[in-house]
Number of protein chains: 2
Amino acid sequence: MNTPKGFLFSAVEAAIKKPGRKDLALIFSEREAVISGMFTKNNVKAAPVKLNMKWIESGRGQAIIVNSGNANACTGKQGMKDAVEIAEMTAKTLGIKTDRVYVCSTGVIGMPMPMERIRSKITELADNLGRRTINDVAAAIMTTDTFPKAISKVMKIDGKAITISGVCKGAGMICPNMATMLCFIVTDANIDKSALDKALKNAVQKSFNRITIDGDMSTNDTVLIMANGLAGNALIKKNSKEFNRFSDAVSDMTYELSKMIVKDGEGATKLVEIEVKNAKNERDAEKGAFAIANSLLVKTAIYGNDANWGRIMAALGYSGIAIKEGMIDIFLNGLKIVCKGMGTGRDKEANEKLKNKEINIVVDLHLRKGAAKVLTCDLTEDYVKINAEYRT
Amino acid sequence: MNTPKGFLFSAVEAAIKKPGRKDLALIFSEREAVISGMFTKNNVKAAPVKLNMKWIESGRGQAIIVNSGNANACTGKQGMKDAVEIAEMTAKTLGIKTDRVYVCSTGVIGMPMPMERIRSKITELADNLGRRTINDVAAAIMTTDTFPKAISKVMKIDGKAITISGVCKGAGMICPNMATMLCFIVTDANIDKSALDKALKNAVQKSFNRITIDGDMSTNDTVLIMANGLAGNALIKKNSKEFNRFSDAVSDMTYELSKMIVKDGEGATKLVEIEVKNAKNERDAEKGAFAIANSLLVKTAIYGNDANWGRIMAALGYSGIAIKEGMIDIFLNGLKIVCKGMGTGRDKEANEKLKNKEINIVVDLHLRKGAAKVLTCDLTEDYVKINAEYRT
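Residues numbered from 1 in each chain as written. Chains lettered and ligands numbered in written order. Predicted model: local features only at pLDDT ≥ 70, side-chain atom pairs only at ≥ 80, totals over all residues.

### Regarding the overall build of chain A
Thinking step 1. A count of helices and strands for chain A gives 12 helices and 14 strands.
Thinking step 2. A globule of 392 residues ought to have a C-alpha radius of gyration of about 21 Å, and chain A, at 22 Å, matches this closely.
Thinking step 3. The principal-axis extent of the C-alpha atoms belonging to chain A is close to 70 × 55 × 35 Å.
Thinking step 4. Counting across all 392 residues of chain A, residues that qualify as buried make up 59%. (Helix = DSSP H or I, 4+ residues; strand = E, 2+ residues; numbered from the N terminus. Rg over C-alpha atoms; globule rule 2.2 N^0.38 Å. Buried ≥ 20, exposed ≤ 12 C-beta atoms within 10 Å, placed from the backbone.)

### Focus: the nonpolar core
Thinking step 1. Of all hydrophobic cores here, the largest spans 268 residues; its most connected members are A:Ile27, A:Val137, A:Leu316, B:Ile27, B:Val137 and B:Leu316.
Thinking step 2. Those residues in contact with A:Leu316 that sit more than four places away from it in its chain are A:Gly288, A:Ala291, A:Ile292, A:Ile323, A:Ile328, A:Val363 and B:Val44. (Core = buried A, V, L, I, M, F, W, Y, C linked by C-beta atoms within 7 Å. Contact = placed C-beta atoms within 7 Å.)

### Topic: the pairing of strand E11 (residues 335–339) of chain B
All names here are of chain B.
Thinking step 1. In this structure, strand E10 (residues 329–332) lies alongside E11, joined through three bridges in antiparallel fashion. When the bridges of E11 are listed, Phe331 appears paired with Lys336.
Thinking step 2. Bridging between E11 and strand E12 (residues 342–343) involves two bridges; their strand directions are antiparallel. Bridging from a neighbouring strand, Cys339 pairs with Met342 of E12.
Thinking step 3. Connecting E11 to the antiparallel partner E12 that follows it, the hairpin turn spans two residues, and Lys340 within it adopts a positive phi of roughly 50 degrees. (Pairing = 2+ DSSP bridges.)

### Points about the interface of chain B and chain A
Thinking step 1. Tallying the contact residues gives 50 residues for chain B and 50 residues for chain A.
Thinking step 2. Those elements giving two or more residues to the side of chain B that touches chain A turn out to be helix H9 (296–303), helix H10 (309–318), E12 and helix H12 (381–388) of chain B.
Thinking step 3. Among the elements that take part in the side of chain B that touches chain A, H10(B) stands out by supplying seven residues, more than any other.
Thinking step 4. Among the residues making up the side of chain B that touches chain A, the classes are represented as 22 nonpolar, 20 polar and eight charged. (Nonpolar A, V, L, I, M, F, W, Y, C, P; charged D, E, K, R; others polar.)

### Topic: the sheet that holds E12(B)
All names here are of chain B.
Thinking step 1. Taken in spatial order, the six strands make up an open sheet running E12-E11-E10-E13-E9-E14, and their pairing is mixed. Each having just a single partner strand, E12 and strand E14 (370–377) make up the two edges of the open sheet.
Thinking step 2. Contacts from helix H8 (residues 282–294) reach strand E9 (271–279), strand E13 (358–364) and E14 within the one sheet, and its direction differs from that of E14 by about 20 degrees. (Axes fitted to C-alpha atoms, helices over the stretch in contact; angles between N-to-C directions.)

### Structural notes on the domain arrangement of chain A
All names here are of chain A.
Thinking step 1. When its domains are assigned, chain A resolves into domain 1 (7–263) and domain 2 (271–388).
Thinking step 2. Summarising the inter-unit geometry, the C-alpha centres of domain 1 and domain 2 are found 33 Å apart.
Thinking step 3. Across the boundary between the two partners, domain 1 contributes 12 residues, which contact 12 residues of domain 2.
Thinking step 4. A breakdown of the residues in the side of domain 1 that touches domain 2 according to their chemical character gives four nonpolar, five polar and three charged. (Domains from an automatic or database assignment.)

### A look at the environment of A:Gly310
Thinking step 1. Tracing the backbone through its elements, the reader meets A:Gly310 in helix H10 (residues 309–318).
Thinking step 2. Taking the C-alpha atoms as reference points, A:Gly310 and A:Leu297, 13 residues apart in sequence, are found 9.9 Å from one another.
Thinking step 3. Not counting the four nearest positions on each side in its chain, A:Gly310 is found in contact with B:Ala73, B:Cys74, B:Val108, B:Ile109 and B:Gly110.

### Quick notes on the packing of helix H1 (residues 47–55) of chain A against helix H2 (residues 76–94) of chain A
Residues and elements named next belong to chain A.
Thinking step 1. The contact between H1 and H2 brings their axes to 8 Å, and the two run at 55 degrees. With respect to H2, the axis of H1 lies oblique. Note that H1 runs across H2; the crossing there is right-handed. Contact residues: Ala47, Pro48, Lys50 and Leu51 in H1; Gly79, Met80, Ala83, Val84 and Ala87 in H2.
Thinking step 2. Along the lines of polarity and charge, the residues of the contact of H1 with H2 split into seven nonpolar, one polar and one charged. (Parallel < 35°, antiparallel > 145°, perpendicular 65-115°, else oblique. Left-handed = near helix turned anticlockwise from the far one by under 90°.)

### A few points about helix H6 (residues 193–205) of chain B
Residues and elements named next belong to chain B.
Thinking step 1. With 13 residues, H6 ought to run about 18 Å at 1.5 Å a step, and its terminal C-alpha atoms sit 18 Å apart, in line with that.
Thinking step 2. Three or more residues of H6 are buried, namely Ala195, Leu196, Ala199, Leu200, Ala203 and Val204. Projection of H6 onto a plane perpendicular to its axis shows the buried side chains occupying an angular sector of 160 degrees, all on one side.
Thinking step 3. Here the buried face of H6 lies against strand E2 (24–39), strand E8 (222–227) and helix H7 (241–263). (Expected span 1.5 Å × (residues − 1). Arc of directions from axis to C-beta.)

### Some remarks on unusual backbone geometry
All names here are of chain B.
Thinking step 1. Backbone geometry at Asn333 places phi at a positive 40 degrees, although glycine is not the residue there.
Thinking step 2. Structurally, the position occupied by Asn333 is in the loop between E10 and E11.
Thinking step 3. At Lys340, a position not held by glycine, the phi torsion is positive, near 50 degrees.
Thinking step 4. Its place among the elements puts Lys340 in the loop between E11 and E12.

### So, the relation of the copies chain B and chain A
Thinking step 1. With an axial shift of 0.0 Å and an RMSD of 0.0 Å, the rotation relating chain B to chain A amounts to 180 degrees. Between the two chains, the operation in question is that of a two-fold axis. Among all residues of chain B, the minimum C-alpha distance to the rotation axis is found for B:Glu381, at 2.2 Å.
Thinking step 2. When you check the interface residues of chain B against chain A, 100% turn up at the interface there too, and the contact is symmetric in its surfaces. (Least-squares fit on C-alpha atoms with pLDDT ≥ 70 in both.)

### Points about the sheet that holds strand E12 (residues 342–343) of chain A
All names here are of chain A.
Thinking step 1. Taken in spatial order, the six strands line up as E12-E11-E10-E13-E9-E14 in an open sheet, and their pairing is mixed. Of all the strands in the sheet, just E12 and strand E14 (370–377) have a single pairing partner and so form its edges.
Thinking step 2. Sheet contacts for helix H8 (residues 282–294): strand E9 (271–279), strand E13 (358–364) and E14; angle to E14, the most-contacted strand, approximately 20 degrees.

Next comes the structure, spelled out in structure tokens:
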């Protein structure tokens, strides 16, 4: 996989998770980069999230160190001390400033960080840095994920080849506002800080903030994007043509990554895209789509190949958005199953359509122009199994 | 079971559901009664719900006819015609006014009512009326319920014996605002209409509106209470000592019935009571308790005997209520598992406590005086199984 100039990657086994799995990873930019970030809106925030939120005020970053297996959340003052120590040790080993090192954690909440094991691995982590080891990072940040998630894009801006690479992890606790979701994007584009902020915000709004697996939101969600400028293009500024192309590329990337997250939802067998259109406004469309996407009854019906559209109608009804029952049309993979609020009698065909691995539900409210798409997955016995046994 | 004076009950097989199960029931008062009702807040309302909401404006009622197997929701104009016809036929057969007959339906959404089968059974339904057949009604309104839910209470008011009896059904789609939930309460108390309204509102607020199984809300929820005055007590008026005793008795009854509903939640193995106390206000307490009660991660952890209190903290965090992380205490069946926002290290003992069939979680926010209790159940593979296969 292509990776941007000047970025190095590494991952090691620190025995934070089960033995035999990489669980500590490092992303390093040879040159200080501009950085933008978005963080969980959960009022209970993990220590490293609080640390990153403070350090990102400078707009500068050079390294991201991340562990899986322990979330360092609900760990009090010791948790914050541990996060700071990890940043300090990493900075010292790499020869950079402490507040340019961003620390991320994901895993079980409320357990003290196994600092001995982490301390002993930071030198190895720095020694292993390489240009082509981004997939190791993607693997090391997995928790209940079943496959690593990484992609790269190359584009030309100002005659220069610009590379954008992204890794992320998802699985459980995925809901609006980026539940246990980590995503790190790196690029060698030369872009100014406010433009980078805007590109990230645009991207997250229609990708990570529009996916849901179980409606839970984690204490650790973090999306970071670092741009080190080594591609040598003229500085990208907000509202330019180049900005729009760069921003679209980042949005495409986060949309692809968020799709991977949903596909890999705990126990999921199907990827489900729910679109509500012609709602009163975009907010209503989003709210309606989320009500459907979060309905356990809808999700289990999709799993069971049962085109029980009444559950979709019920979810629309309790979402609280503006609807006229007698005007609602619903399509399932292109098949009209509800016309003007009533069934079209094509449930058997619809049940067949549900056997696809990719399900597309379109709800047309026939009111105004509001539209929104939300990605989710079905709900299966395996989701329950995975989450009943997570710590045991 | 004792039943109030002047009320008769009956249930028959109308083959709306599977053969061999009663699915059409009637409750009849020999004398016209005062009636109060509360209905689903879902914007998609079943036809009979709309009909009842119109007729209850008179404050008078004499019969309730109810079927399971078909919700008569999303059935357009024909659905409303069918509901009216059921009321008319019942009224004619019983020799009472049409708009004194309340019609309720529960079951699959979006299918036409099997009117031929219903029409042919109304005479039999009336012929079977008896004083002691209230349990048949409770059985006939079941959908995925596994046991019938009925209770009676006798109390003295004004020297007269007053009986209150209630039946309900629940199972799936149970969430605030009384998701697919039907409850019929009958009493021979002599009470004025506004007092009856208030007693019902008090009762529902802290019982049916504080239970959740899967967060879904149905199109058909209905609670009705009829009081025919045949006990002969002096009229109960609002804000009297007698009113308070009557109101408390109704509240106790609905609390017991809502407990039965949660115990019988689809696939549930445990009854879970979640109390949030010392919140900023009651609204916050309720919101926090619901966030915990609706968290799939909390519900699966309880099922798996895993005292993963981090998931409770995360749910509190994303509920949006006022919290101070470092002040939160959490108790599990009396065992303190979180102290000042951090684990007490007693997870193993806590896992043992989770093997009980009744789980009690208390969250103390140490802010002000707001408190609320919510009832829920665990989430199991069987919930998924039941709902994936509901129509197949």
